[in-house]
Amino acid sequence: AILQNTTSQIYDSIIEFDITDDIACGEGTKLFLQQLGLKPDTSYSAMLQTIVSRHIHPDQAALFMETFSPDAVRRALEEQRSKLSCDFLYADDNGNYTWYRETGYVLRWAENGSIHIVICRQNIDKDKRLELSLQEMAQRDGLTGLYNKMTTQELIEKRLAGHQNDDGLFAMVMLDIDNFKELNDSLGHVAGDRIIQEFAHCISAGFAATDLVGRV
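Summary of the structure given here.

**Points about the environment of Leu187**
And then number 1: Considering the arrangement of structural elements, one finds Leu187 in helix α8 (residues 180–187).
And then number 2: The exposure class of Leu187 is exposed, given its relative accessible area of 56%.
And then number 3: Separated by 68 residues in sequence, Leu187 and Ile119 have C-alpha atoms that sit 62 Å apart.

Right under this line is the structure:
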């Protein structure tokens, strides 16, 4: 109660579970379970499954489970790590997503040696969206909006690395604008920039959203 009182301006919720006995600890945790539509005696694993299936964005579901699974909590304690953390998109009852950060503090209860985790949830939507926006800007070419040279290379290497052990087929197409230097010199850089932009637009329109299109 003291912890929740003093951190109410920082965290949206604080819950605690006894991982060893798989039970909720404290009235705040039981209230949180009820808000999810679960019984107060719901197990930790069942709570995680419910949150993932109903609220976590599919792109972050696997990471969320990997971070906070009972095995991950036990492993953290064995490796003398006291903190687990994950950023994720959480859907409200209307399906609107908000960025949250959950930080789990792992400890061994002195009285009986049981493993506990205290999870603090924080709304980071404003800061996270700004961070992602700046990251996106840093990856893009200012003139065309395509991925810049460095990002294009990194994404290609990442995609190839992810398919080293299967039979995935890839194609890479390199395109060049014929006589561009002459056009740039005769018509001026403003016209040259317009040509590059139109060229980039045509290329983007011809490929799927899952393809990598960059200016190198």
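**Topic: a nonpolar patch on the surface**
And then number 1: Where nonpolar side chains cluster on the molecular surface, the patch consists of Leu130, Leu134 and Met137 and spans about 330 Å² of accessible area.
And then number 2: Within the secondary structure layout, Leu130 lies in helix α6 (residues 125–139).
And then number 3: Judged by relative accessible area, Leu130 falls into the exposed class, the value being 51%.

**Considerations on helix α2 (residues 27–35)**
And then number 1: Within α2, burial applies to Thr29, Phe32 and Leu33. Within α2, the buried residues cover an arc of 100° as seen down the axis, which keeps them to one side. Away from the buried face of α2 by more than 90 degrees, exposed residues Glu27 and Gln35 are located.
And then number 2: Residues of α2 that are buried in the fold lie against β1 (13–18), β2 (23–25), α3 (44–54) and β5 (115–123).
And then number 3: Positive backbone phi, approximately 85°, marks Gly37, located one or two places after α2.

**Some points on the state of the cysteines**
And then number 1: Counted by the stated rule, this structure contains 0 disulfides.
And then number 2: No disulfide involves Cys86; its sulfur sits 14 Å from the nearest other cysteine sulfur, which is in Cys120.

**What to know about the packing of aromatic side chains**
And then number 1: Applying the stated criterion across every chain yields a total of 5 aromatic pairs.
And then number 2: With a centroid separation of 5.9 Å and an interplanar angle of 75°, the aromatic rings of Tyr90 and Tyr100 are classed as edge-to-face. One end of the pair, Tyr90, is in strand β3 (residues 83–91); the other, Tyr100, is in strand β4 (residues 97–108), with 10 residues separating them in the sequence. Of the two residues, Tyr90 and Tyr100, both sit in the buried class.
And then number 3: Three or more aromatic residues link up through ring pairs in this structure, and these residues are Phe64, Phe68, Phe88, Tyr90 and Tyr100.
And then number 4: Above the ring of Tyr90, the side-chain terminus of Arg121 is found at 4.4 Å from the ring centroid.

About the criteria used
- Residues numbered from 1 in each chain as written.
- Predicted model: local features only at pLDDT ≥ 70, side-chain atom pairs only at ≥ 80, totals over all residues.
- Heavy atoms only, no water.
- Helix = DSSP H or I, 4+ residues; strand = E, 2+ residues; numbered from the N terminus.
- Buried < 20%, exposed > 50% of the residue type's maximum accessible area, 1.4 Å probe, protein only.
- Patch = residues over 30% accessible without salt bridge, like charges linked within 9 Å, V, L, I, M, F, W, Y side chains within 5 Å.
- Areas by Shrake-Rupley, 256 points an atom, 1.4 Å probe, with all protein chains shown as cover.
- Salt bridge = Lys/Arg side-chain N within 4 Å of Asp/Glu carboxyl O.
- Arc of directions from axis to C-beta.
- Contact = heavy atoms within 4.5 Å.
- Disulfide = S-S within 2.5 Å.
- Phe/Tyr/Trp six-rings, centres within 6.5 Å; stacked < 30°, edge-to-face > 60°.
- Lys NZ or Arg CZ within 6 Å of the ring centre and 35° of its normal.

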